[in-house]
Amino acid sequence: MKSLDYDIQEIRDKITNSDIIWNTDDSNIQSNEVAEIVSGVTGFNQFENEKVFNAIVDKLCKEYEIGMYQDLSESLESVYNISNGLPGTSEG
């Protein structure tokens, strides 16, 4: 079973090393790539719980100052913990 810390670090590594994100100024492309990374690492997608999924993507975009994001007060870990118990989230 993968831990939350492991998933978050894997997501951050993939964002940091993404040629797609860092070689474009198009915020839609950047946001979509972050969403694909989150979905790929966690198995969670926006159709299972759009509000939580979008909050995770928005928080990451804000953290890296990329894509389109909202000013959210929750930490990435707290938003991700909410999603951890939802169907379709990855635990292993």
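None of these values were measured; they are calculated from a predicted model.

Topic: the overall build of the chain
In terms of regular secondary structure, the chain is built from five helices and zero strands. Burial statistics for the chain: of 92 residues in total, 39% are counted as buried. For the chain, the share of sequence-separated contacts (at least 6 apart) that also reach a separation of at least 24 residues comes to 56%. In the structure as shown, the chain presents an accessible area of about 5,400 Å², 46% of it carried by carbon and sulfur atoms.

Thoughts on the nonpolar core
Counting residues in each nonpolar core, the largest one holds 17 residues, and the members touching the most others are Ile11, Ile15, Val34, Val38, Val57, Leu60 and Ile66. Of all the secondary structure elements, the ones that give two or more residues to this core are helix H1 (4-16), helix H3 (27-42) and helix H4 (50-64). A per-element tally of this core places H4 first, with seven residues.

Some remarks on the pattern of salt bridges
Counted under the stated rule, the structure contains one salt bridge. In this structure, Glu63 and Arg12 form a salt bridge, with 3.1 Å as the shortest nitrogen-oxygen distance. Remark: Arg12 occurs in helix H1 and Glu63 occurs in helix H4; sequence separation between them is 51 residues. Glu63 sits in the partly exposed class, given a relative accessible area of 36%. Owing to a relative accessible area of 22%, Arg12 belongs among the partly exposed residues under this scheme.

Calculation notes
- Residues numbered from 1 in each chain as written.
- Predicted model: local features only at pLDDT ≥ 70, side-chain atom pairs only at ≥ 80, totals over all residues.
- Heavy atoms only, no water.
- Helix = DSSP H or I, 4+ residues; strand = E, 2+ residues; numbered from the N terminus.
- Buried < 20%, exposed > 50% of the residue type's maximum accessible area, 1.4 Å probe, protein only.
- Contact = heavy atoms within 4.5 Å.
- Areas by Shrake-Rupley, 256 points an atom, 1.4 Å probe, with all protein chains shown as cover.
- Core = buried A, V, L, I, M, F, W, Y, C linked by side-chain atoms within 4.5 Å.
- Salt bridge = Lys/Arg side-chain N within 4 Å of Asp/Glu carboxyl O.

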